[in-house]
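Residue-level listing of the chains:
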Amino acid sequence: MREKVLIVGAGLSGMSCAFQLRKAGISPLIIEKEAYCGGLAASFNKKGFTFDYSGHLLHLRWSNTTKLIKNLLKGNIIKIKRNSAIYFKGNIIPYPFQANLSFLSDEERNYCVEEFLKALKKNSVSQRNFKEWSISVFGKGISNLFMLPYNEKLWQYPLNEMSLKWMGNFVPVPDPSRIIEGAYSKAKTISGYNGVFYYPLNGGIGALSKSLSKKAGLINYGCELINLKAYKKIAIVNGIGEIPYSYIANTSPLKELIEKTLDAPEKIKKAARKLRSNTVYILNLGLRKKVSSHHWLYFPQKEYPFYRLGFYDNFSPFCAPDSKSSIYAEIAVKQNESIDLSLSLKEVIAALKKIGFIKKDEDIEETQWLKASPAYAFYDLGMENSIRTINDWLNSHGIFSFGRYGAWKYSFMEENIKDGIETGEMISEKILKK
Ligand SMILES: Cc1cc2nc3c(=O)[nH]c(=O)nc-3n(C[C@H](O)[C@H](O)[C@H](O)COP(=O)(O)OP(=O)(O)OC[C@H]3O[C@@H](n4cnc5c(N)ncnc54)[C@H](O)[C@@H]3O)c2cc1C
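What about the overall build of the protein?
When its secondary structure is counted, the protein shows 12 helices and 19 strands. The C-alpha radius of gyration computed for the protein amounts to 23 Å, which stays within 12% of the reference 22 Å derived for 434 residues, consistent with globular compactness. C-alpha atoms of the protein, sized along the principal axes, occupy 70 × 55 × 40 Å. Within the protein, the fraction of its 434 residues that count as buried is 46%. When contacts within the protein are restricted to residue pairs at least 6 apart in sequence, long-range pairs at least 24 apart make up 72% of them.

Quick look at the site of the ligand
Surrounding the ligand, one finds 34 residues, the nearest of these being Gly9, Gly11, Gly39, Ser252 and Gly403. Every element with two or more residues in the shell around the ligand is listed here: helix H1 (12–23), strand S2 (29–32), helix H11 (403–406) and helix H12 (413–433). Counted by class, the shell around the ligand contains 14 nonpolar, 14 polar and six charged residues. Residue assignment places the shell around the ligand across two domains, with domain 1 (3–39 + 208–274 + 381–433) and domain 3 (277–372) each supplying three or more.

What about the domain arrangement of the protein?
Think of interface size as the accessible area that goes away when the parts come together; that is how it is often given. Once the domains are mapped, the protein shows domain 1 (3–39 + 208–274 + 381–433), domain 2 (97–193) and domain 3 (277–372). Placing a centre on the C-alpha atoms of domain 1 and another on those of domain 3 gives a separation of 32 Å.

Regarding the pairing of strand S16 (residues 325–334)
Burial analysis of S16 places eight of its 10 residues in the buried class, the great majority of the element. Sheet analysis places strand S13 (residues 276–287) next to S16, joined by 10 bridges and oriented antiparallel. Along S16, the bridge assignment pairs Ile282 with Glu330. Two strands pair when backbone bridges link them, and strand S15 (residues 308–311) and S16 are joined in this way by four bridges, in the antiparallel orientation. Opposite Arg308, over in S16, you have Glu330 as the bridge partner.

Comments concerning the environment of Tyr245
Relative to the helices and strands, Tyr245 is located in strand S12 (residues 241–250). For Tyr245, a count of 20 C-beta atoms within 10 Å translates into the label buried. In contact with Tyr245, not counting residues within four places along its chain, are Arg2, Glu3, Leu6, Lys233 and Ala235.

Overview of the pairing of S12
When strand S1 (residues 3–8) meets S12, the two strands line up parallel, connected through five bridges. Directly across from Glu3, in S12, lies its bridge partner Tyr245. Note that strand S11 (residues 234–237) and S12 share four bridges and pair antiparallel. Looking at the pairing, Val237 lines up with Gly241 of S12. Turn length for the S11-S12 hairpin, with the two strands adjacent in sequence and antiparallel, is three residues, and the turn residue Gly239 shows positive phi of about 90°.

Overview of helix H4 (residues 130–155)
Taking 1.5 Å as the rise per residue, H4 with 26 residues should run 38 Å; its terminal C-alpha atoms sit only 11 Å apart, a clear shortfall. The sharpest bend along H4 reaches about 120° and sits at Gly139. Taken from the residues just after H4, Gln156 is the one with a positive phi, measuring 75°.

Some details on the packing of helix H2 (residues 63–73) against helix H6 (residues 206–216)
It is at 9 Å that the axes of H2 and H6 come closest, and there the two elements cross at 90°. Judged on the interaxial angle alone, H6 and H2 are roughly perpendicular. When H2 is examined against H6, the residues Ile69, Leu72 and Leu73 are found in contact with a partner set consisting of Ala207, Leu208, Ser211 and Leu212. Partitioning the contact of H2 with H6 into residue classes produces six nonpolar, one polar and no charged.

Observations regarding the packing of helix H3 (residues 106–122) against H4
The geometry of a pair of packed helices is captured by two quantities: the angle between their axes and the separation between those axes. Between H3 and H4, the least distance of the axes is 7 Å, while the angle of their chain directions is 160°. Between H3 and H4, the angle is such that the two are roughly antiparallel. In the packing of H3 onto H4, the handedness of the crossing is right-handed. Of H4, the residues touching H3 (which contributes Glu108, Tyr111, Cys112, Glu114, Glu115, Phe116, Lys118 and Ala119) are Ile135, Ser136, Val137, Phe138, Gly139, Lys140, Gly141, Ile142 and Leu145. Residue composition of the contact of H3 with H4, by class: nine nonpolar, three polar and five charged.

Calculation criteria
Residues numbered from 1 in each chain as written. Predicted model: local features only at pLDDT ≥ 70, side-chain atom pairs only at ≥ 80, totals over all residues. Helix = DSSP H or I, 4+ residues; strand = E, 2+ residues; numbered from the N terminus. Rg over C-alpha atoms; globule rule 2.2 N^0.38 Å. Buried ≥ 20, exposed ≤ 12 C-beta atoms within 10 Å, placed from the backbone. Contact = placed C-beta atoms within 7 Å. Near = placed C-beta within 6 Å. Nonpolar A, V, L, I, M, F, W, Y, C, P; charged D, E, K, R; others polar. Domains from an automatic or database assignment. Pairing = 2+ DSSP bridges. Expected span 1.5 Å × (residues − 1). Bend = angle between axes of the 7 residues up to and from the residue. Axes fitted to C-alpha atoms, helices over the stretch in contact; angles between N-to-C directions. Parallel < 35°, antiparallel > 145°, perpendicular 65-115°, else oblique. Left-handed = near helix turned anticlockwise from the far one by under 90°.

Structure, rendered in structure tokens:
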């Protein structure tokens, strides 16, 4: 029997799609390679410390999805005002860097202001690539001290090869007068997309995934899509075997999906090979003591192995036992690179000692490594064309790829839930029309 819809992946995207299909009376077959649901929105409890795949905070923008998420969490949700900063040469500079230049040394502040005024005077904003854009908007000072080193550490590829398509609200561009004001006064302001966010009070972000899984229906765990025959519409799945299907709703990484598609034409395989991303290693640590009042800190300097440190127990006190701390360090490498975990652990510990967060190795009670690969799709200048080429071909064979990695985009959880619902609606319309 042919399955009407095969959903690949039980992350937030796949489960939202299943939820929508079930509402339309269609029961999809869901396969998930791991033994748990939620994908990157899963949580782990280790001796009373709650760990996510690094901080997973809800930035809610749209009324329908906000309502759905709040209903799913049934009161298990708190609203939090962001307290984040940049750790810069031993100083704490409130986020965003560009609006708080007064926290720099006089020399660095003057460099940033002078270069910013030069850029402003030029009045020509480059749209060619991120590096040029940053210099043309913020000037060389802000770009060289923060914007470029931080983004190089995160993205792992040359920033003059990166387009501006990912930015949306992710990079705050304060009003010029606000940059100048922030260079001479210490008034903190909230700017950017994540000034206020939500988080489950109990259970980490995995609480949301677990609740959504109850609406998604049966999930077949430990079942990985191994190969696809797109012309014959047959999926080969570990633990199940051959599955004939009518439609596929895919949330596994687009690049991998094409590698697994045995009959994809060379043109499609070539487009997929061009897709680039980074890999992020997440080191979760349970500490004996509380170490910071921040939600997270950015580390633009190379001497620190992580680009960001975050503090789960400041999202919710239930993320760590009383007076202890649950934290994460995020380390990025290129997609196919790996790190030596024991060496990296030593480097992170050394950095935490240097910052003053811990004094000795015994201050760490619990460790957990997690890996997100791919983690961030790299928006190079040809990415959009490659994705269009791939999707046109997939769609013409009844395969719809969506979600953060299925669509290969820089997206966030609420957006993935919205995409999942919309994909479910689109597929159910096709089925019900027949
Ligand atoms: C470091 C980091 C921090 C983030 N922080 C935030 C944040 O603060 N706020 C926010 O909103 N978003 C954040 N995100 C983004 C968020 O994690 C994603 O947008 C969201 O979880 C993606 O959901 P998804 O279902 O599309 O993908 P995934 O979560 O990747 O789910 C895909 C699922 O498919 C399964 N799968 C993959 N391949 C196969 C296969 N071949 N066969 C069967 N199953 C398969 C996977 O196991 C997984 O369960 C962050 C992401 C990263 C990397």
